[in-house]
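So you can see what is in the structure, the chains are spelled out below.
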Amino acid sequence: MAAIDHFLAMGGYARFVWPAFATAVIVMGGLLAESLSTYRKRQRDLRAAEKQRR
Amino acid sequence: MFRLANPNRFMNWSGKLLPWCAAATAILLGLGTWLALFVAPPDYQQGEAVRIMYVHVPAAWMASFVYAVMAISSAVALIWRHPLADIAARQSAPLGAGFTLVCLVSGSLWGKPMWGTFWVWDARLTSVLVLFFLYLGYIALVNAFDEPTRGNRAGAILALVGAVNLPIIKFSVDWWNTLHQPASVFRLGGPTIAASMLWPLLIMALGFTLFFVTLLLLRMRSALMAAKLRALRIQQSQSLAA
Amino acid sequence: MSKFSLLVARDLRLALRQGGDAAMVIGFFVLTVILFPFGVGPEPQLLQRIAPGIIWVTALLAALLSLERLFQADYEDGSLEALVLLPLPLEAQVLAKCLAHWLVTGLPLTLVAPLLGLLLHLDLAGYPALVLGMALGTPILSLLGAIGAALSLGARRGGVLLSLMVLPLYIPVLIFGVAAVEAESAGLAARPHLLLLAALLLAALALVPFAAAGALRQAVE
């Protein structure tokens, strides 16, 4: 328990270190999510349009 | 090289490559994060705050790297009129802007314990801020036209103009900084970096790079599918009219 | 060469016909500078400290004002397509347009700047560097702005887009222009900064016509 607390506290710099990592996760995760959802949408739309063509 | 770049062939080989890139990205980012948070030693001066470096520095490298990719793709698009080059440039831009944002925020958070304020007009952060606006200008421009190709070509020119200007801007910001800053410059990360810190940094940087490549391939595939959709819909409306 | 001067003359006539344009740009310049004492207080020492920055930043913004219309009229009435096909190279036409724009915008700004220096208690030693710097810098603003104007033809929200694209590119001009004035006010040499501005001007003269002409060509495609 103490070890985890020590780790989370980051030597007193916790309120700088964790938001920095969090920003990276949020921005990069957001880009990943947006790219994936666009990709899946295009796949669905393309399949539907190709089916319609036949 | 151009055979590889044919749109259908691209869909083919990118589809095969994508899962590998995604896996490599996950492994490298996971390993890098673990090394950065658990294995890398704290700095004797900055303590645990130095761990921000493992996010800030790779993001900074990626911000510049992605702009270079954009500029080169734009040059290829303008000189050889290659359709994939247009798409590569356009899809890279949001990724580059994202890295730039991460760099700015993490740099700001790193600066607060080190310099005492959330923003410092030091040469590197200021240059990255200008780079952020170059990305925003590009994204605004390519999205400002109804017709996609017009936006792509305009964007290509702007990307090249920006690339030529970037060294000039960087130089002038450094110049400005030496005029206004006291002589002692606090070098983030120290003058030479210990091996125990270098490896996590490089692995994170590699992870970020592969993250970019994976997302770029994904976004380019989406863009090609969108183009195919547009063509199909035009065909359909034409056959309906006939 | 005579075709070039014919073009410049034509663009000048068109610009002067909307003579209000130059007057409006000067008006904006003076009015915005006057806002600063209201904003930061009229204390002479403070104003003197920030005068070079205020004058230069405001000049940048004033130069942006008339850029949107640089190619707009020709684009809208279709004469741009004809201009692209003229025997005179498009690059030369771009230079002609920039020159006309500068004569109507940058040059008046340069001439009015000392007056504004008076209002802001600018150190008398800094005046030559201010005028010389603006004489070198404002053409660069016209040139770089031409690229933005050409790129944003036919775009939605062209005016704001233009500013967003062009202002980052203006930063080096701003930095060296202000540095020149501050150096001379402090008794140091303004020459290095002015030489850098001259170098930027030469580079812009050489490179901008190609970028802007390329942008114009794909605007009419």
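Definitions and limits used
- Residues numbered from 1 in each chain as written.
- Chains lettered and ligands numbered in written order.
- Predicted model: local features only at pLDDT ≥ 70, side-chain atom pairs only at ≥ 80, totals over all residues.
- Helix = DSSP H or I, 4+ residues; strand = E, 2+ residues; numbered from the N terminus.
- Buried ≥ 20, exposed ≤ 12 C-beta atoms within 10 Å, placed from the backbone.
- Rg over C-alpha atoms; globule rule 2.2 N^0.38 Å.
- Contact = placed C-beta atoms within 7 Å.
- Nonpolar A, V, L, I, M, F, W, Y, C, P; charged D, E, K, R; others polar.
- Axes fitted to C-alpha atoms, helices over the stretch in contact; angles between N-to-C directions.
- Parallel < 35°, antiparallel > 145°, perpendicular 65-115°, else oblique.
- Left-handed = near helix turned anticlockwise from the far one by under 90°.
- Expected span 1.5 Å × (residues − 1).
- Bend = angle between axes of the 7 residues up to and from the residue.
- pLDDT = per-residue confidence, 0-100.

Scanning chain B for helices and strands turns up 7 helices and 0 strands. Taken from N to C terminus, the helices and strands of chain B fall in the order α-α-α-α-α-α-α. Taken over the C-alpha atoms alone, chain B extends approximately 75 × 40 × 30 Å along its principal axes. Going through the 242 residues of chain B one by one, you find that 45% of them count as buried.

Once that is clear, we can look at the overall build of chain A. Counting its secondary structure elements, chain A contains 2 helices and 0 strands. Relative to the globule expectation of 10 Å for 54 residues, the C-alpha radius of gyration of chain A, 21 Å, shows a markedly less compact shape. Its C-alpha atoms give chain A principal-axis dimensions of about 65 × 20 × 5 Å. When each of the 54 residues of chain A is scored for burial, the buried share is 17%.

Taken residue by residue, the interface counts 31 residues in chain B and 23 residues in chain A. Put simply, the parts of the chain that give the side of chain B that touches chain A at least two residues each are helix 3 (53-80), helix 4 (83-115) and helix 7 (195-241) of chain B. For the side of chain B that touches chain A, the leading source of residues is helix 7 of chain B, giving 12 residues. Looking at the side of chain B that touches chain A residue by residue, the classes come out as 20 nonpolar, 4 polar and 7 charged.

What follows deals with the arrangement of the chains. If you rank the 2 pairs of chains in contact by how many contacts each has, first place goes to chains A and B. There is a clear gap between chain A and chain C: no contact, and 23 Å between their nearest C-alpha atoms.

The N-to-C vectors of helix 5 (residues 123-142) of chain B and helix 9 (residues 158-185) of chain C enclose an angle of 150°; their axes lie 9 Å apart at closest approach. If you check the angle between helix 5 of chain B and helix 9 of chain C, you find them roughly antiparallel. Relative to helix 9 of chain C, helix 5 of chain B is oriented so that their crossing is left-handed. For the pair helix 5 of chain B and helix 9 of chain C, contact is made by Val130, Phe133, Leu134, Leu136, Gly137, Ala140 and Leu141 of chain B and by Leu161, Leu164, Met165, Pro168 and Ile171 of chain C, respectively. Taken together, the residues of the contact of helix 5 of chain B with helix 9 of chain C break down into 11 nonpolar, 1 polar and no charged.

Each partner contributes to the interface: chain C provides 21 residues, whereas chain B provides 22 residues. Those elements that place two or more of their residues in the side of chain C that touches chain B are helix 8 (127-151), helix 9 and helix 10 (191-220) of chain C. Ranked by residue count, the leading element in the side of chain C that touches chain B is helix 9 of chain C, at 10 residues.

Residue and element names in this part refer to chain C. Here helix 3 (residues 44-65) is 22 residues long and its end C-alpha atoms lie 29 Å apart, about the 32 Å a rise of 1.5 Å per residue gives. The largest bend along helix 3 reaches roughly 55° and is located at isoleucine 50, with the proline proline 52 sitting one to four residues downstream. Taken residue by residue, helix 3 has Ala51, Pro52, Ile54, Ile55, Trp56, Thr58, Ala59, Leu60, Ala62, Ala63 and Leu64 as its buried positions. Buried-residue contacts for helix 3 involve helix 2 (20-40), helix 7 (106-119), helix 8 and helix 9.

Here we come to the environment of leucine 118 of chain C. All names here are of chain C. Structurally, the position occupied by leucine 118 is in helix 7. In this structure leucine 118 comes out as exposed when scored by C-beta crowding, with 11 C-beta atoms within 10 Å. As a C-alpha pair, leucine 118 and alanine 51 span 67 residues in sequence and 9.6 Å in three-dimensional space.

A separate point is the packing of helix 4 of chain B against helix 6 (residues 148-180) of chain B. All names here are of chain B. It is at 10 Å that the axes of helix 4 and helix 6 come closest, and there the two elements cross at 70°. Considering the angle they form, helix 4 stands roughly perpendicular to helix 6. By crossing handedness, the relation of helix 4 to helix 6 is classed as left-handed. In this structure, helix 4 contributes Asp86, Ala89 and Arg90 to the contact, and helix 6 contributes Asn152, Gly155, Ala156 and Ala159. Of the residues that constitute the contact of helix 4 with helix 6, the class distribution is 3 nonpolar, 2 polar and 2 charged.

It is worth spelling out the environment of methionine 28 of chain A at this point. By the element assignment, methionine 28 of chain A lies in helix 2 (residues 14-53). The class for methionine 28 of chain A is buried, based on 22 C-beta atoms found within 10 Å. Leave out the neighbours within four places in its chain, and methionine 28 of chain A touches Gly98 and Phe211 of chain B.

With that out of the way, let us pick up helix 10 of chain C. Its 30 residues give helix 10 of chain C an end-to-end C-alpha distance of 43 Å, which sits within 8% of 44 Å, the value for a rise of 1.5 Å per residue. Bending of helix 10 of chain C peaks at approximately 40° at the position of leucine 207 of chain C, with proline proline 209 of chain C no more than four residues after it.

Position of threonine 178 of chain B relative to the elements: it lies in helix 6. In this structure the C-alpha to C-alpha distance between threonine 178 of chain B and phenylalanine 99 of chain B, which are 79 residues apart in sequence, comes to 27 Å.

Bringing the confidence of the model for chain B into the picture now. Residue and element names in this part refer to chain B. Across chain B, the average pLDDT comes to 88, with 93% of residues at or above 70. When mean pLDDT is compared element by element in chain B, helix 3 scores highest at 95, while helix 1 (residues 2-5) scores lowest at 57. Interface predicted TM-score (ipTM) for the complex: 0.89; the corresponding pTM is 0.90.

Even without a glycine there, the phi angle at arginine 81 of chain B is positive, about 55°. Relative to the assigned elements, arginine 81 of chain B resides in the loop between helix 3 and helix 4. The residue histidine 121 of chain C is not glycine, and still its phi comes out positive at about 60°.

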